[in-house]
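So you can see what is in the structure, the chains are spelled out below.
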Amino acid sequence: MSKYNHQAIEKKWQAIWDEKQTFRTSDDRSKPKFFALVEFPYPSGEGLHVGHPRPYTALDVVSRKRRMEGYNVLFPMGWDAFGLPAENYAIKTKIHPSVVTEQNVKRFKQQLQSLGFSFDWSREVDTTDPNYFKWTQWIFLKLFEKNLAYKSEMPINWCPACKIGLANEEVVDGGCERCGAHVETRVKNQWMLKITEYAERLINDLDDVDYIERVKIQQRNWIGRSEGADVTFSIKDTDEKLIVFTTRPDTLFGATYMVISPEHPVLKTLSDRITNLPEIKEYQAEAQKKSEFERAELSQGKTGVKIEGLKAINPVNNEEITIWVSDYVLMSYGTGAIMAVPGHDERDWEFAKTFNLPIIEVVAGGDVDQEAYTQTETGKMVNSGFLNDMDVEQAKKEITKWLEENNLGTPKVNYKLRDWVFSRQRYWGEPIPLVNCEKCGWVPVPVDELPVLLPQVENYEPTDTGESPLANIREWVETTCPTCGGPAERETDTMPQWAGSSWYFMRYTDAHNDEALASKENLDYWLPVDWYNGGMEHTTLHLLYSRFWYKFLYDIGVVSGPEPYQKRTSHGMILGENNEKMSKSRGNVVNPDEVVEEYGADTLRMYEMFIGDFEKSVPWSTDGVRGCKRFLDRVWRLKDMLKPGDEYSSDLEAKMHQTIKKVSSDYEHLKFNTAIAALMTLTNDVYHLGSMNHAEFKTFLILLNPVAPHITEEMWENLNFGGMLNEQNWPRWDEEKTIEQTISIGVQINGRVRGEISVNLDDSQEVAKEKALANENVAKSLEGKTIVKEIYVPGRIYNIVVK
RNA sequence: GCCGGGGUGGCGGAAUGGUAGACGCUACGGACUUAAAAUCCGUUGGGCUAAGCGCCCGUGAGGGUUCAAGUCCCUCUCCCGGCACCA
């Protein structure tokens, strides 16, 4: 009996699959298609981590199953290779990022291949490949052409350590996401993408896709839609107006003052009327020093300054009210000005208490002297003129109607989502393909001149002024205007890492096309992606950005549907054995290479799937890995228990059908752990039985194959079952045959189990009762009692209620 | 604060309202062996126990619905994730 030699077997089959191009996606469009997508990695210098294979194995399992079910499967892989680590390394070593990237990609690829994933490597993409980013630039130019890209002076988050502008999303707890340094506010001229223009569709279209609920919720949350009204307040004795956004127009009679953001333009336009200007300017300066995070952080205790010399008029009652400046009002949301209703808004209430401002109750039901009353379900309008006695919902409708009729306001929807800061002052990214001409302004580089390549440089250090390192390469920057031929300068900002990953899945459909980002036929055949699995950490950024780009490409006719991903699922993290996040600094990193070496790729794959609930975080366990290896050893030894047979034996028939059903369904529902448990149970049954026939073992191998492809192929071949295992059909089950005729059920007395009886499924209640009463222990428990009620659920339970 | 998800043995985790703890790990016992490893067989929630079956308790806490609740309802609590001065 030969021993299970995982190293030899795995090497052998990887070579065979590679040589036969087993998993190369065919052009056979007569078959139904299945596009399985996993997030492509950033090829870091650390190499693969045991967290990587978890989602990859999951969709590899599904892909392998789908192929055996007759689908034409596209399951590709690539590299999200622009990014800071390679650039930081370049700064230190002066080695070009592309050199490091190439090495890392090579290592990653070899590691992935050693795990036996059924990727179609002929479609590999690399975001740093000029043939790829040519099309990233092309998409940007389309966005620019449609006025969805614009340059704007924006207060941005600035990391003084990385010398880079950060998107809001990259700031974590007031620090830089990468280095943790304290983030400051700086004003920079940035390229922005108008994702906000798609906010409504990004929310609404979630109804038409199959994403796990928490992903949808997080996206809705992030976009932050709120309905209300814009209301116009005039400023006394001027022509200026202050427009505010409010979700509670019903409380307008309770607006006792207004607050504007320190950046609000009216402070400039009406500066000559403001009598305490120095005080205001000082407050503005203070506010500017704080990052947005700090402004939020210091929410305990409100600060502000009253604007002397200006009064606003409440449009509903013509009362004069004061206007304040406070940094709790953000210029970046709504209009940068609010009406303050301290009786019914917690922040306004706190501010009013701090500065001793009047509080008026306009919704009865609480005690506005004690706290703001924000309930909207109950409560009647009071002190509100024509709104009195209405409930909140009705009052909202009435006042909005009134505002519209009197030209004082309009219904309005606002979003928390902000436009996407698309510029990075960095070297290692896609150059933004625009040229700035004194005469013509921003001019796109003509499409036939794409891609705009990165110049070779000596020094990758960003400049202290915050310009990209590219700004120092004068011969690259200085160019001619494509429109007028005059002197012009290239944009030196590059794109963020999110750019390349916003459309990579499209490129897989036609990875080598140099006429278009992909042919229309291929896009139409393969898209949308049928199943996309990725990390929860990408829910609000990557997922939203790529949906935005896809919708845009849909609008300009590049793709034929509005949503890129039909289905989205998410996996949990794999933690170190000490239950902490795996990291070099904690010294708890498990290297997959070592696991593959010692236990084999099949064991690693199986363990990754068996480790626990796929959607939850879970600690690594070396003992658990051994358990999976032990199982594969047991599988290997099954061949010594085989006997001939073309049909399932009576001993195992029901078990076989049950297992096929269970495994087939569990693989589809991210329940890999219980699918494997079912295969283990079957194996245990066979060991107890002492034998298994060929028909049974064939089915077993096919069911196990998606998880452990090497050992199953090897055994299939050794046993001369014919052809390659991956070419077989996925087994079917017969629902009727999953049902066992004789089954053991519990007998309960008053809901407590008192015995167990073996019944036939079609036994009548009388027969079952006879069996139950015949049970010694049941009979004992019934002694001296009166039977009140009996419940018999065939195949489940026999419950006798006694007194 | 708001919105999600969750709390089940020593551990990872299973359980369409119907015998809680499948499967794996750990630990222990037995077989095999000169011995060990490996393997195979068994035990492994807690307590009581006359050792014979059995009985009691047990799914974060407390109530409730039901013949029957880990599962449904109410109240509370703790943990994880997201959002958060968003008007």
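Everything below is about the structure shown above.
So, here's what we can say about the structure. This one's a predicted model, so the numbers in the text were calculated from it and none came from an experiment. (Residues numbered from 1 in each chain as written. Chains lettered and ligands numbered in written order. Predicted model: local features only at pLDDT ≥ 70, side-chain atom pairs only at ≥ 80, totals over all residues. Heavy atoms only, no water.)

A few words on the environment of Lys-380. Note that Lys-380 resides in the loop between helix H11 (346-355) and helix H12 (392-405). Overall, Lys-380 belongs to the partly exposed group, its relative accessible area being 45%. Excluding its chain neighbours within four sequence positions, the residues that come into contact with Lys-380 are Val-362, Val-363, Ala-364, Asp-389, Met-390 and Asp-391. (Helix = DSSP H or I, 4+ residues; strand = E, 2+ residues; numbered from the N terminus. Buried < 20%, exposed > 50% of the residue type's maximum accessible area, 1.4 Å probe, protein only. Contact = heavy atoms within 4.5 Å.)

Attention shifts here to the environment of Lys-771. Relative to the assigned elements, Lys-771 resides in helix H25 (residues 765-774). For Lys-771, a relative accessible area of 30% translates into the label partly exposed. Residues Lys-771 and Glu-756, 15 residues apart in the sequence, show an inter-C-alpha distance of 9.4 Å. Residues in contact with Lys-771, not counting those within four places in the same chain, are Ile-757, Ser-758, Val-759, Asn-760 and Asp-763.

Bringing the nonpolar core into the picture now. Proteins that are soluble and globular tend to have nonpolar side chains buried together. Within the largest apolar cluster, 170 residues are counted, with the highest numbers of intra-cluster contacts made by Phe-140, Phe-505, Met-506, Leu-517, Trp-549, Trp-620 and Phe-700. With nine residues, helix H5 (residues 130-145) is the largest single contributor of residues to this core. Not counting residues up to four positions away in its chain, the partners in contact with Phe-140 are Ala-149, Trp-191, Leu-193, Phe-422, Ile-432, Pro-433, Leu-434 and Met-495. In this structure, Ile-260, Leu-277, Leu-310 and Ile-399 belong to the second largest nonpolar core, which totals 40 residues. (Core = buried A, V, L, I, M, F, W, Y, C linked by side-chain atoms within 4.5 Å.)

Further remarks concern the sheet that holds strand S2 (residues 72-74). Here we have five strands laid out as an open sheet, ordered S2-S1-S23-S24-S10, and parallel in their pairing. Both outer strands of the open sheet, S2 and strand S10 (210-211), are each paired with one neighbouring strand and no more. With two bridges connecting them, S10 and strand S24 (residues 567-571) associate as parallel partners. Across the sheet, the residue bridging to Asp-210 is Lys-567, located in S24. This element, helix H2 (residues 53-68), spans strand S1 (33-38), S2, strand S23 (531-535) and S24 of the sheet and lies at about 170° to S1. (Pairing = 2+ DSSP bridges. Axes fitted to C-alpha atoms, helices over the stretch in contact; angles between N-to-C directions.)

In the neighbourhood of RNA strand B, 57 residues make up the surrounding shell, with Thr-247, Arg-347, Ile-611, Ser-744 and Arg-796 lying closest. Put simply, 66% of the atoms of RNA strand B that lie within 4 Å of the protein are in sugar or phosphate. Side-chain polar atom of His-688 to a phosphate oxygen of RNA strand B: 3.3 Å apart, as the coordinates give it. Within the side chain of Asn-799, a nitrogen or oxygen atom sits 2.7 Å from a base oxygen of RNA strand B. Residue contributions to the surface near RNA strand B peak at eight residues, all from helix H22 (residues 672-689). The residue inventory of the surface near RNA strand B, partitioned by class, reads 22 nonpolar, 18 polar and 17 charged. (Near = heavy atom within 4 Å. Polar contact = N/O pair within 3.5 Å; in protein donor to acceptor, adjacent residues only side chain to side chain. Nonpolar A, V, L, I, M, F, W, Y, C, P; charged D, E, K, R; others polar.)

This next bit is on the side chain of Glu-10. Position of Glu-10 among the secondary structure elements: in helix H1 (residues 6-20). Buried and without a salt bridge, Glu-10 has Arg-605 as its closest oppositely charged side chain, separated by 8.0 Å. For Glu-10, the side chain forms a polar contact with the main-chain nitrogen of Ala-601, separated by 2.7 Å. Apart from residues no more than four positions distant in its own chain, Glu-10 is found in contact with Tyr-4, Val-596, Gly-600, Ala-601, Asp-602 and His-710. (Lys, Arg positive; Asp, Glu negative; His and termini not counted. Salt bridge = Lys/Arg side-chain N within 4 Å of Asp/Glu carboxyl O.)

Under the criterion given, the structure shown has 51 aromatic pairs. Ring centres 6.1 Å apart and planes at 45° place the aromatic pair Phe-422 and Trp-549 in the tilted group. Note that Phe-422 is positioned in the loop between strand S18 (420-421) and strand S19 (434-437) and Trp-549 in helix H17 (residues 542-555), a separation of 127 residues in sequence. Since its relative accessible area comes to 0%, Phe-422 is described here as buried. On the basis of relative accessibility, which here comes to 0%, the residue Trp-549 falls in the buried class. A connected cluster of aromatic rings, assembled from ring pairs, spans Phe-140, Phe-144, Trp-191, Tyr-198, Trp-420, Phe-422, Trp-442, Trp-498, Tyr-545, Phe-548 and Trp-549. If you follow Lys-302 out to its NZ or CZ, it ends over the ring of Tyr-328, 5.2 Å from the centre. (Phe/Tyr/Trp six-rings, centres within 6.5 Å; stacked < 30°, edge-to-face > 60°. Lys NZ or Arg CZ within 6 Å of the ring centre and 35° of its normal.)

So, about the packing of H2 against helix H21 (residues 653-668). If you want to describe how two helices pack, look at the angle between their axes and the distance between the axes. Running from N to C, H2 and H21 cross one another at 125°; their axes reach a closest spacing of 9 Å. The angle between H2 and H21 places the two elements in the oblique class. In this structure, the crossing between H2 and H21 has a hand that is left-handed. Each of Val-61, Val-62, Lys-65 and Arg-66 in H2 lies in contact with H21, whose residues at this interface are Ser-664, Tyr-667 and Glu-668. Residue composition of the contact of H2 with H21, by class: three nonpolar, one polar and three charged. (Parallel < 35°, antiparallel > 145°, perpendicular 65-115°, else oblique. Left-handed = near helix turned anticlockwise from the far one by under 90°.)

This part covers the side chain of Ser-114. Among the secondary structure elements, Ser-114 is positioned in the loop between helix H4 (97-113) and strand S4 (125-126). For Ser-114, a relative accessible area of 19% gives the class buried. Polar contacts involving the side chain of Ser-114 include one to the main-chain carbonyl oxygen of Gln-111, which spans 2.7 Å. Not counting chain neighbours up to four residues away, the residues in contact with Ser-114 comprise Gln-14, Val-596 and Ala-601.

Our focus in this paragraph is the packing of helix H20 (residues 622-637) against helix H24 (residues 709-718). Contact geometry of H20 with H24 gives a least axis separation of 11 Å together with a crossing angle of 10°. Viewed along their axes, H20 and H24 adopt a mutual orientation that is roughly parallel. Residues Leu-632, Val-635 and Trp-636 of H20 touch H24, and the partners they reach there are Ile-711, Glu-714, Met-715 and Asn-718. Residue composition of the contact of H20 with H24, grouped by class: five nonpolar, one polar and one charged.

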